Amino acid sequence: MKGIELKTAAQIAKLREANLIVSDVLDVVQAAAGIGVTTWDLELVARKRLKELSAEPAFLGYRGYPAVLCTSVNSVIVHGIPRKDLALKDGDILSIDFGAFKDGWCGDSARTLPIGTISEKAAALVEATRMSLEKGIEQCVPGSRLGDIGWAVQNYVEKRGYSVVEQFAGHGIGRHMHEPPQVLNYGPAGRGPRLSAGMVLAIEPMINAGGPDVVIEDDGWTAVTKDGSLSAHFEHSVAITE
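Bear in mind the structure is a predicted one, so any value in this text is a computation, not a measurement.

Before going further, it helps to examine the pairing of strand S5 (residues 105–114). In summary, the side chains of a regular strand alternate between the two faces of the sheet. Here S5 lies mainly inside the structure; nine of its ten residues are buried. Where strand S4 (residues 93–102) meets S5, ten bridges bridge the pair, whose relative direction is antiparallel. Paired with Asp97 across the bridge in S5 is Ala110. Linking S4 to S5, which pair antiparallel, is a turn of two residues; within it Asp103 sits at a positive phi near 55°.

Let's shift gears to the sheet that holds strand S6 (residues 163–164). Pairing is antiparallel in the open sheet, where three strands are placed in the order S6-S10-S13. In this open sheet, the two edge strands, each paired with only one partner strand, are S6 and strand S13 (231–233). The pairing of S6 with strand S10 (residues 206–208) spans two bridges and is classified as antiparallel. Within S10, the position partnered with Val164 by the bridge is Ile207.

A complete count under the given rule lists one aromatic pair for this structure. Ring centres 5.0 Å apart and planes at 80° place the aromatic pair Tyr65 and Trp221 in the edge-to-face group. Note that Tyr65 is positioned in the loop between strand S1 (56–57) and strand S2 (69–73) and Trp221 in the loop between strand S11 (214–216) and strand S12 (223–225), a separation of 156 residues in sequence. Take Tyr65: its relative accessible area is 3%, and that puts it in the buried class.

Glancing now at the sheet that holds S11. Pairing is antiparallel in the open sheet, where three strands are placed in the order S3-S12-S11. With partners counted over all chains shown, the strands left at the sheet margins are strand S3 (76–78) and S11, one partner each. Taken pair by pair, the neighbouring strands of this sheet meet at an average axis angle of 40°, ignoring direction. One ladder, built from two bridges, connects S3 with S12; its direction is antiparallel. Looking across to S12, one finds that Val78 is bridged to Ala223.

Basis of the calculations
Residues numbered from 1 in each chain as written. Predicted model: local features only at pLDDT ≥ 70, side-chain atom pairs only at ≥ 80, totals over all residues. Heavy atoms only, no water. Buried < 20%, exposed > 50% of the residue type's maximum accessible area, 1.4 Å probe, protein only. Helix = DSSP H or I, 4+ residues; strand = E, 2+ residues; numbered from the N terminus. Pairing = 2+ DSSP bridges. Phe/Tyr/Trp six-rings, centres within 6.5 Å; stacked < 30°, edge-to-face > 60°. Axes fitted to C-alpha atoms, helices over the stretch in contact; angles between N-to-C directions.

This is the structure:
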């Protein structure tokens, strides 16, 4: 449990406020996403709503990241930078990842959206990724092990022929966006620290339709599947309570 900060009920309430803001912004961005809309258009939507909610962006300026939103299309796994020259097309899948600070506490969440009418293959990947997050969340009870989360994610998606991205992971969250522990999306059950009330974890499976290998593009951020296969991403910040 070294380095893992347990939060009080009052602190979890503040984290909930931050995460409700994140959910609100993602709802507004999702409503704006559609055929012909650029990912930069969505960035502007997120900035406007964030300002209306009197919160601060978590991503903008983080290690030099240039936007408040991550917009990852099709074979982009995570950290896609919003662009004025990238218009969404019918059949795309779009991951929107967003974080915000409110009163010094951080929220972080992501979801993958269909644009127009997507293929059955794409829809199945998105649904499996969403369900793998739910399977991970089911492990978040006192007495479970941290490794049970990753095992639940990996077990669910690999049975369906998908692969887990191992290069990135979830994380603890609180006053900082990234806190201990690292929350892997793979590995054996029954390993790692015991989960206890007061832990708050951002669980975020990133699942590929093809192989697990990742390439980082020249911008230093955009992570794509090496084989060009589709990728989906979901994330929730989860408080473990009694």
